[in-house]
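Architecture and fold: a report
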Amino acid sequence: MLGLGEAILALAGGGPEPLPIISLAPAPITQEEGNSGTTAYNFTVSLDKVSDEVVTVNYSTNDDTATVADSDYIDNDGVVTFNPGETTKTITVLVNGDTAVESDEEFIVTLDNASNGDINSAANSASGIILNDDVSEINGLTVTVNETTANYLVDSYGGKQDKNPLTTIAEDGSELELEGNGWKKVTLDYNITGNTMLEFEFRSTAEGEIQGIGFDTDDKLSRNRFFKLYGTENWGITNYENYSAEDDWKSYQIPVGKSFTGEIDFLTFGNDHDVKNPTASSEFRNLKLYDIPIHPLAVTVNETTATYSLDSYGGRQDKNPFIAIPTDGSELKLEGNGWKKVALDYNITGNTMLEFEFRSTAEGEIQGIGFDTDDKLSRNRFFKLYGTENWGITNYENYSAEDDWKSYQIPVGKFFTGEMDFLTFGNDHDVKNPTASSEFRNLKLYDIPIHPLAVTVNETTATYSLDSYGGRQDKNSFITIPTDGSELKLEGNGWKKVALDYNITGNTMLEFEFRSTAEGEIQGIGFDNNDKLSRNRFFKLYGTENWGITIYENYSAEDDWKSYQIPVGKFFTGEMDFLTFGNDHDVKNPTASSEFRNLRLYEVDITSELTVSNDELVEIVGSSENDFITGTKAGDIIIGLEAEDTLTGGLGSDQFVYNRLADAGDVITDFEVGNDQIVLTELFANLDYHGSDAMVDGYIQLVQENSGVGVNIDPDGLNGQESFIPLTFVEGVSLAELNDSTNFLY
């Protein structure tokens with residue numbers, strides 16, 4: 001049984017009291033070391049309550065980045081004693097002062113082995129941080145700016161990112177070394193243009209995370225203005241990240257303006273290494289910042305060479321690429337992303353040629369050359385040579401990565417004509433870090449002279465000036481005629497003529513040779529007496545469109561020069577004012593090519609020269625105007641189309657074709673009963689008539705008049721409500737002669 005005292009103690013929860021808790025203030029002691037003597041770093045040790053017993057605890061100092069061996073501090077191991085009633089004691093560690101420029105350093109104080117007390121496991125150690133308070137004897141870092149060398153003070157940069165790395169500047173200021181973990185800057189006001197170059201040498205003996213150089217306008221790290229050279233972390237502009245552990249000093253030339261432009265306030269240096277014991281090392285020397293002068297560009301215009309200032313083009317599309325032009329102006333190099341122009345007033349004609357050489361060491365999106373009248377990019381006046389984007393005139397887009405300098409001759413007038421104000425250059429590369437490169441040299445702009453064309457007329461050879469023909473149909477095709485006038489070459493899209501007055505008779509022969517290296521729509525030769533295209537006087541030789549007299553349309557892509565003899569008088573006769581040439585290709589980028597040589601026009605006995613039999617039908621199609629159409633001496637298919645046409649079949653079995661009521665109003669002058677026919681097949685199909693006798697069914701009505709017979713059509717026949725409409729008038733025949741179903745085809 002418990003005694004009374006023992007019972008009271010039991011009820012009160014008695015027993016041994018807990019030991020006091022010993023703690024070391026965990027906040028680091030941070031102080032400057034001083035330049036000499038020692039500086040005391042005082043660490044506070046405390047008990048959480050008063051003890052009746054003597055309490056002791058051992059302490060020791062331990063190296064971190066600060067070491068006893070380097071005399072950074074004095075080793076201090078000992079015992080802290082708390083006498084009864086005491087709760088606070090101090091541990092003092094002495095730090096040695098010096099004048100060495102070094103990084104901030106750290107040592108550790110640790111408690112262990114307590115008696116009559118328990119150590120707080122969460123507060124059993126604390127750090128002493130030795131702040132470097134020494135600076136280099138050199139006031140600043142040497143940087144050469146546009147050939148002027150000056151010293152610039154090195155300051156902290158990046159706020160908390162700067163961990164005060166060991167910073168060393170050579171005695172003459174020519175070299176900066178950073179060791180540890182930090183960022184630095186020098187105040188250097190500069191306007192970075194598209195042509196700003198940063199030149200320096202770099203070396204590293206230990207890789208960190210981000211090591212490099214850059215620019216900024218404030219104290220916040222800017223990844224889009226920093227050129228990373230080395231390190232394990234992906235950050236900054238990495239185009240020049242090519243340093244390796246095997247390298248020693250490595251030279252760099254960075255065209256800063258390719259990446260960004262504008263006013264900057266600081267040149268920045270990074271040696272980032274966010275680890276406990278950073279070892280990164282970055283060294284920079286021979287720092288130069290300058291703008292490469294943009295010399296005028298030399299262009300030869302019609303054999304006269306002059307230099308032209310290069311200006312921005314394309315508004316916001318011009319991102320100020322890096323520009324290099326040698327002092328003689330012979331070559332232009334663009335790197336990065338941008339568009340440029342030179343003010344070069346020129347009237348581009350159908351015969352304007354642009355000649356140059358081009359080279360690229362890096363593909364972008366749009367690389368090439370062109371013309372313009374204002375500052376807006378014009379895709380229909382720009383010749384793309386290289387790049388990944390589909391834009392501009394692409395006929396000459398044939399540059400490849402394997403090429404070096406490549407020569408170009410562009411017949412500009414094949415694509416557009418008119419007054420131009422600028423010669424333009426494109427090096428477009430809309431990416432974060434553009435690398436496109438475009439080089440141009442030996443630029444020449446000139447008009448190839450159009451020599452007179454030689455034509456032999458009845459054994460007499462003369463030369464004739466070439467002129468535009470066809471009004472708006474002539475798109476100023478590129479023209480080549482040698483000095484002797486023996487050959488005509490048309491490229492692109494257009495029509496031409498020579499003034500050659502000639503009376504075409506039934507015995508007129510046109511002889512020539514023809515060649516084409518690219519098919520268009522209508523390619524051939526003909527005659528005319530005005531400036532309007534005449535399909536019934538034009539002999540089509542090649543092309544995809546059905547137009548003109550097509551009996552000689554037999555040229556093929558496999559052919560080279562091909563000879564032709566055309567008995568013109570078989571197809572039409574009369575006074576002609578012009579010999580005409582067609583190279584029609586109505587597409588965005590016309591490529592058609594037509595060449596003519598050995599042109600001869602003369603009279604011959606056609607009856608002995610005919611190569612077309614009466615069994616062959618020649619299709620002759622009129623226009624929307626009043627036409628006078630004369631067939632050949634063979635059989636013809638004559639389609640007058642709308643308006644009031646005068647149709648003469650000539651020899652052979654001819655067919656006069658009417659496909660619509662809108663074709664009404666013609667006169668047929670020489671219909672041969674029993675040999676010629678009026679064809680109404682498509683017309684009746686359109687009227688939904690499919691009977692066997694259109695006269696009996698009331699669809700055809702013949703009306704005798706003084707000089708011939710009128711042919712009328714009823715759109716809905718005998719039982720319909722429509723009235724007869726005059727279709728055509730046939731001269732020189734009687735009603736009895738024409739009233740025979742064999743004269744009609746339906």
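Notes on the structure follow. For every chain, the first residue of the written sequence is number 1, and numbering continues from 1 along that sequence. Note on the predicted model: pLDDT of at least 70 is required for a residue's local features to be given, and 80 or more for side-chain atom pairs to be given and counted; whole-chain, interface and lining totals, by contrast, use all residues. Excluding hydrogens and water, the side-chain figures rest on all heavy atoms present in the structure.

It is worth spelling out the overall build of the chain at this point. Under the scheme used here, helices are H or I runs from DSSP no shorter than 4 residues and strands are E runs no shorter than 2 residues, and both carry numbers assigned from the N terminus. Within the chain one finds three helices and 56 strands. In this setup the radius of gyration rests on C-alpha atoms only. A globule is expected at 2.2 Å times the number of residues raised to 0.38. Taking 746 residues into account, the globule formula puts the C-alpha radius of gyration at 27 Å, and the chain, at 48 Å, lies well above it. Across its three principal axes, the chain shows a C-alpha extent of roughly 160 × 85 × 35 Å. Here the analysis covers contacts within the chain between residues at least 6 apart in sequence; of these, 64% occur between residues at least 24 apart. Any pair of residues with heavy atoms lying within 4.5 Å of one another is described as a contacting pair.

Side chains of a nonpolar character, in soluble globular proteins, are inclined to be buried together. Judged by nonpolar contacts, the single largest core of 62 residues is most densely connected at F512, F581 and L680. Among the elements that take part in this core, strand β39 (residues 494–504) stands out by supplying four residues, more than any other. Not counting chain neighbours up to four residues away, the residues in contact with F512 comprise I525, L541, K562, S563, Y564, I566, F596, R597, N598 and L599. The definition of a nonpolar core used throughout is a set of buried Ala, Val, Leu, Ile, Met, Phe, Trp, Tyr and Cys residues joined through side-chain atoms within 4.5 Å. Think of it in three bands: with a 1.4 Å probe and only protein chains considered, a residue is buried below 20% of the maximum accessible area for its type, exposed above 50%, and partly exposed in between. Of all hydrophobic cores here, the second largest spans 35 residues; its members include L354, F371, F440 and L445.

Examined against the element boundaries, D64 turns out to sit in the loop between β4 (55–63) and β5 (78–82). Spatially, the C-alpha atoms of D64 and Y190 are 42 Å apart, while their sequence positions differ by 126 residues. Aside from chain neighbours lying at most four places away, what touches D64 is E106, F107, I108, K276 and N277.

With that settled, consider the pairing of strand β13 (residues 166–169). Successive side chains on a regular strand alternate, one facing one side of the sheet and the next facing the other. Strand pairing follows a simple DSSP-based rule, namely that at least 2 bridges must link the two strands. Of the pairings in the sheet, the one linking β13 to strand β14 (residues 175–179) comprises four bridges and is antiparallel in character. Bridge pairing links I169 to L176 in β14. Hairpin remark: β13 followed by β14, antiparallel, with five residues in the connecting loop; positive phi at G173, about 80°.

A sheet is described by the order of its strands in space; here five strands give the open sequence β36-β39-β44-β41-β42, paired in antiparallel fashion. Across the chains shown, the open sheet's two edge strands, defined by having one partner strand only, are β36 (466–468) and β42 (538–542). Taking each pair of neighbouring strands and ignoring which way they run, the sheet shows an average axis angle of 30°. Strand direction decides the pairing type here: β36 and β39, joined by three bridges, are antiparallel. Across the sheet, S468 pairs through a bridge with K496, a residue of β39. The angle between two axes is taken between their N-to-C directions and runs from 0 to 180 degrees, where each axis is a line fitted to C-alpha atoms and a helix contributes only its stretch in contact.

Turning our eyes to something else, we now look at the pairing of strand β22 (residues 297–301). Among the five residues of β22, five are classified as buried, and the element is accordingly described as predominantly covered. Of the two faces of β22, both are covered, the one formed by L297, V299 and V301 as well as the one formed by A298 and T300. When β22 meets strand β23 (residues 304–308), the two strands line up antiparallel, connected through five bridges. Within the sheet, the bridge partner assigned to A298 lies in β23 and is T307. Between β22 and β23, which follow one another and run antiparallel, lie two residues, and N302 among them has a positive phi close to 45°.

By the element assignment, K384 lies in strand β30 (residues 382–386). Assessed through its relative accessible area of 1%, K384 is described here as buried. Any N or O atom pair separated by 3.5 Å or less is treated as a polar contact, with the protein-specific requirement of one donor-capable and one acceptor-capable atom, and with residues adjacent in sequence counted only for side-chain atom pairs. Within polar-contact distance, the side chain of K384 engages the backbone oxygen of E389 at 2.2 Å. Here E397 takes part through its side chain, which lies 2.9 Å from a polar atom of the side chain of K384. In contact with K384, other than residues within four places in its own chain, are E365, I366, Q367, E389, N390, W391, I393, T394, Y396 and E397.

Just geometry here; none of it tells us what the structure is for.
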